[in-house]
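Remarks on the overall topology
Single-letter residue listing:
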Amino acid sequence: MRDHLKKRLTGLHTDMNPEISERHMAEITREIKSPSAVTPARHRAPSIRRMGLAIAAATILLVPVAAFAADDAMPGEFLYPIKRTTERVHSLFDSDVQARHRVEEVEVLLDREADPEFIMERVRVAEQHLGDDEAALVKRFAVARERAEIRVQTEASETADPERTQDSRDEEPSQGSGEGSSTTEPSAEQEQEQQQSGTGTGSSSSGQSDDPPRTGNNS
Amino acid sequence: MRDDRLTDELVDQIRERDEVAFSTVYQLLASDLLSFAVGMLRDRGAAEDAVQQSFLELARAAPTIRGDARSLRSWMYRSVRFSCLDEIRRRDRHPEQPVETLPEEGSLDDDLLDPELRDALMDLPVRQRSIVVLRYVVGFSVSEIADIIGTTRAGVYASSTRAERQLKKSLEAVENPRSPASVPVNPTSKKPPREEGP
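Residues numbered from 1 in each chain as written. Chains lettered and ligands numbered in written order. Predicted model: local features only at pLDDT ≥ 70, side-chain atom pairs only at ≥ 80, totals over all residues. Heavy atoms only, no water.

1. Here we look at the overall build of chain A
Counting secondary structure elements, chain A contains 9 helices and 0 strands. Scanning chain A from its N terminus toward the C terminus, one meets helices and strands in the order α-α-α-α-α-α-α-α-α. By residue count, 36% of the 219 residues in chain A fall in the buried class. Look at the contacts in chain A between residues 6 or more apart in sequence, and 65% of them connect residues 24 or more apart. Summed over its atoms, the accessible surface of chain A is roughly 13100 Å², and 55% of this surface lies on carbon and sulfur atoms. (Helix = DSSP H or I, 4+ residues; strand = E, 2+ residues; numbered from the N terminus. Buried < 20%, exposed > 50% of the residue type's maximum accessible area, 1.4 Å probe, protein only. Contact = heavy atoms within 4.5 Å. Areas by Shrake-Rupley, 256 points an atom, 1.4 Å probe, with all protein chains shown as cover.)

In C-alpha cells form, the structure reads like this:
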C-alpha cells in the first residue's frame, strides 16, 4: 500500500503550460529590466524580530512545564530538544539514562511502524550511546536492532516486488496496521552532524537573502 | 524532478540579472514548482500565480541572492511555499469568496487527475502536505526538504510518516466507505487546513 501510495503521488507531477510560461517570462523580463530592486531582508526583518521576542518570552515561561511534558517526546517532535537537555542533567546522576532512552526510542519507533530508514538511523545513534557495562540494555538493544533490520528487509522486498507483497496482504486482511499513533525521528544533534558533514546546504546561514520575502499580510 | 543543470555559474548570472539565465532557470524549475504549488492549493490557476510570484521576487532580489545552486533551488521553493501559505490564509479569512484566478485553458485535465488523492492531500495539515508533495511529487530528499521547510530531518521523517498514515486512512475511507476502520472524509470539506507547529 505504501508503495502504491507513493506511485499515485508521483503521478500528480504536472508540467507548465507553454503559453503560461511565455506570459510568465514576459513579466519576469519586465521585472529584470525595471530599475527598482526590493531588498527582501527589510521586508522580513521586523517579523523575525517579533517572532524571536515571542519565542524567548514563551521559553522563559514554559520551561518547567515543557521539561515535564518532554519526558515522552520522540526525535523530531517539538519537545525532543528539551528532553535531551534534561537528559544531560540526569546523566550526572544516572549514567545509563541516555543509552536507555535511545534504545526505548528505537523500540517505540518500531511499534509505530516508522520509516525503516529512519529507524536504522536511530539504531546507529543508540549504538553510540551504549556502554559495554550495560548488559541488560545491550541485550534490549540487540533485540531492537534485529527487529529494525527485519523491517528494512521487508520494506526493501516490498519496493522490489510491490504487487507480490500486495497480493500476500490481500490474502491476510486481518493483519494489524498499527494503532495510528504518531511518528519517528532522529535527534537534532545527529541532524546537525549530518548537515555539517556535507549533506546540508548551509543556506539558512548564508545571510539576509537566503529566505524569500513573505508576501501578503500575516494577520 | 530535480535537474543538475541548475549550476553555480547560472546562479552567478542570475545575480547579474541576466535575462537568458532567468529563462533557463525558469525552464528548469517551473514545472516542479508548479507541481508543488498545485499539490498545496489544488488550484492550478492559483498555483501558476504562486510560481510567477516567486520568479518576480527572484528578479527583484537577484543581486542580493547568496549561496550556490542548491541554495537557489531551496529559496525558490520557500518562496512558492510562502505564496501558497498566503493564499491558504486568504481562503481561510474569506472562505465564501471564489479564487480570483481562473484556471487556464487546457489545464483542467491536470486538476482532475486522481481527485481522491488530491482531496486526501487537502485534508492534511499544511506542513505535512508540503512535506509529502516535496518528497513524493517533486522528488526531494529528506535533507533538502528539511532545508526548504526550515526543520530537521527528524521533523521531516516524523511529519512524512504521519501524513502517509493519514493519506492511507483517507483513501481507504473513500474506496471502502462501509469499512468500520475507515475514517469518514468529506472531500468537499471547507474545514480550514491546520498549520502544524514547528
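2. Comments concerning the overall build of chain B
The helix and strand tally for chain B stands at 9 helices and 0 strands. Across the 198 residues of chain B, 57% fall into the buried class. Contacts spanning at least 24 positions in sequence make up 68% of the contacts within chain B whose residues lie at least 6 apart. Looking at chain B as shown, the accessible area adds up to about 8200 Å², and 50% of this sits on carbon and sulfur atoms.

3. Some words on helix α2 (residues 19-41) of chain B
Turn by turn, an α-helix covers 3.6 residues, leaving residues three or four places apart pointing in a common direction. All names here are of chain B. Of all the bends in α2, the largest measures some 45 degrees and sits at Leu 29. Among the 23 residues that make up α2, 18 are buried, leaving the element largely enclosed by the rest of the structure. Structurally, the start of α2 carries an N-cap: the backbone nitrogen of Val 20 is 3.0 Å from a side-chain oxygen of Asp 18. Positive backbone phi, approximately 55 degrees, marks Arg 42, located one or two places after α2. (Bend = angle between axes of the 7 residues up to and from the residue. Polar contact = N/O pair within 3.5 Å; in protein donor to acceptor, adjacent residues only side chain to side chain.)

4. Observations concerning the environment of Thr 86 of chain A
Residues and elements named next belong to chain A. Looking at where Thr 86 falls in the secondary structure, it is placed in helix α4 (residues 80-90). Residue Thr 86 is classed as partly exposed on the basis of its relative accessible area, which comes to 22%. At a separation of 2.9 Å, a polar atom in the side chain of Thr 86 contacts the main-chain carbonyl oxygen of Lys 83.

5. Let's talk about the packing of helix α2 (residues 18-33) of chain A against helix α3 (residues 44-61) of chain B
For the pair α2 of chain A and α3 of chain B, interaxial distance at closest approach is 9 Å and the crossing angle is 25 degrees. What the angle tells us is that α2 of chain A and α3 of chain B run roughly parallel. Every pair of crossing elements has a handedness; the one defined by α2 of chain A and α3 of chain B is right-handed. Every residue of α3 of chain B that contacts α2 of chain A at Ile 20, His 24, Glu 27, Ile 28, Glu 31 and Ile 32 of chain A is listed here: Glu 48, Gln 52, Phe 55, Leu 56, Ala 59 and Arg 60 of chain B. Taken together, the residues of the contact of α2 of chain A with α3 of chain B break down into 6 nonpolar, 2 polar and 4 charged. (Axes fitted to C-alpha atoms, helices over the stretch in contact; angles between N-to-C directions. Parallel < 35°, antiparallel > 145°, perpendicular 65-115°, else oblique. Left-handed = near helix turned anticlockwise from the far one by under 90°. Nonpolar A, V, L, I, M, F, W, Y, C, P; charged D, E, K, R; others polar.)

6. Here we look at the nonpolar core
The nonpolar side chains of soluble globular proteins are, as a tendency, buried together. Among the nonpolar cores identified, the biggest contains 86 residues, and Leu 9 of chain A together with Phe 55, Leu 58, Leu 134 and Leu 167 of chain B are the most heavily contacted of them. Sequence-distant contacts of Leu 167 of chain B, defined by excluding residues within four places in its chain, comprise Leu 5 and Leu 9 of chain A together with Leu 117, Ala 120, Leu 121, Leu 124 and Val 132 of chain B. (Core = buried A, V, L, I, M, F, W, Y, C linked by side-chain atoms within 4.5 Å.)

7. What to know about the confidence of the model for chain A
Detailed reading of the predicted coordinates is not advisable wherever pLDDT falls low. Residues and elements named next belong to chain A. On average, chain A scores 72 in pLDDT, and the residues at 70 or more come to 65%. Here residues 38-43 is modelled with pLDDT under 50, and outside its nearest four sequence neighbours on either side it reaches 9 contacts, counting other chains as well. Low pLDDT, under 50, characterises residues 191-208; the predicted model gives this stretch 26 contacts beyond four residues in sequence or across chains. (pLDDT = per-residue confidence, 0-100.)

8. Some remarks on the packing of aromatic side chains
Residue and element names in this part refer to chain B. For the coordinates displayed, the defined rule picks out 4 aromatic pairs over all chains. Measuring from centroid to centroid gives 4.9 Å for Tyr 26 and Phe 55, while their planes differ by 55 degrees, and the two rings are tilted. Of this pair, Tyr 26 sits in helix α2 while Phe 55 sits in helix α3, and the two are 29 residues apart along the sequence. Of the two residues, Tyr 26 and Phe 55, neither departs from the other in class, the shared state being buried. Between the aromatic rings of Phe 36 and Tyr 77, the centroid separation amounts to 5.9 Å while the plane-to-plane angle is 50 degrees, which identifies the pairing as tilted. With Phe 36 in helix α2 and Tyr 77 in helix α4 (residues 69-93), the pair connects residues that are 41 residues apart, well separated along the chain. An identical accessibility class is assigned to Phe 36 and Tyr 77; each is buried. One aromatic cluster is present, formed by Phe 36, Tyr 77 and Phe 140 through successive ring pairs. (Phe/Tyr/Trp six-rings, centres within 6.5 Å; stacked < 30°, edge-to-face > 60°.)

9. Structural notes on the confidence of the model for chain B
Residues and elements named next belong to chain B. The share of residues in chain B with pLDDT of 70 or more is 78%, and the mean pLDDT across the chain is 80. With pLDDT under 50 throughout, residues 100-109 is counted as low confidence; its partners more than four residues away or in other chains account for 12 contacts. Scored below 50 in pLDDT, residues 181-193 shows 17 contacts in the model against residues more than four places distant or in partner chains. Interface predicted TM-score (ipTM) for the complex: 0.73; the corresponding pTM is 0.60.

10. So, unusual backbone geometry
Positive phi, close to 55 degrees, is recorded for Glu 113 of chain A, a residue that is not glycine. Looking at where Glu 113 of chain A falls in the secondary structure, it is placed in the loop between α5 (97-111) and α6 (116-129). At Arg 17 of chain B, a position not held by glycine, the phi torsion is positive, near 55 degrees. Inspection of the secondary structure puts Arg 17 of chain B in the loop between α1 (8-15) and α2.

11. Some words on the pattern of salt bridges
Residues and elements named next belong to chain B. Across all of its chains, the model carries 22 salt bridges over all chains by this definition. Residues Arg 89 and Asp 86 are paired through a salt bridge, measuring 3.1 Å at the closest nitrogen-oxygen approach. You can see Arg 89 and its partner Asp 86 sitting in helix α4, 3 residues apart, about one turn around the helix. (Salt bridge = Lys/Arg side-chain N within 4 Å of Asp/Glu carboxyl O.)

12. Considering the environment of Gly 131 of chain A
When you line up the elements, Gly 131 of chain A lands in the loop between α6 and α7 (135-160). Along the backbone, Gly 131 of chain A and Ser 95 of chain A are 36 residues apart, and their C-alpha atoms lie at a distance of 9.6 Å.

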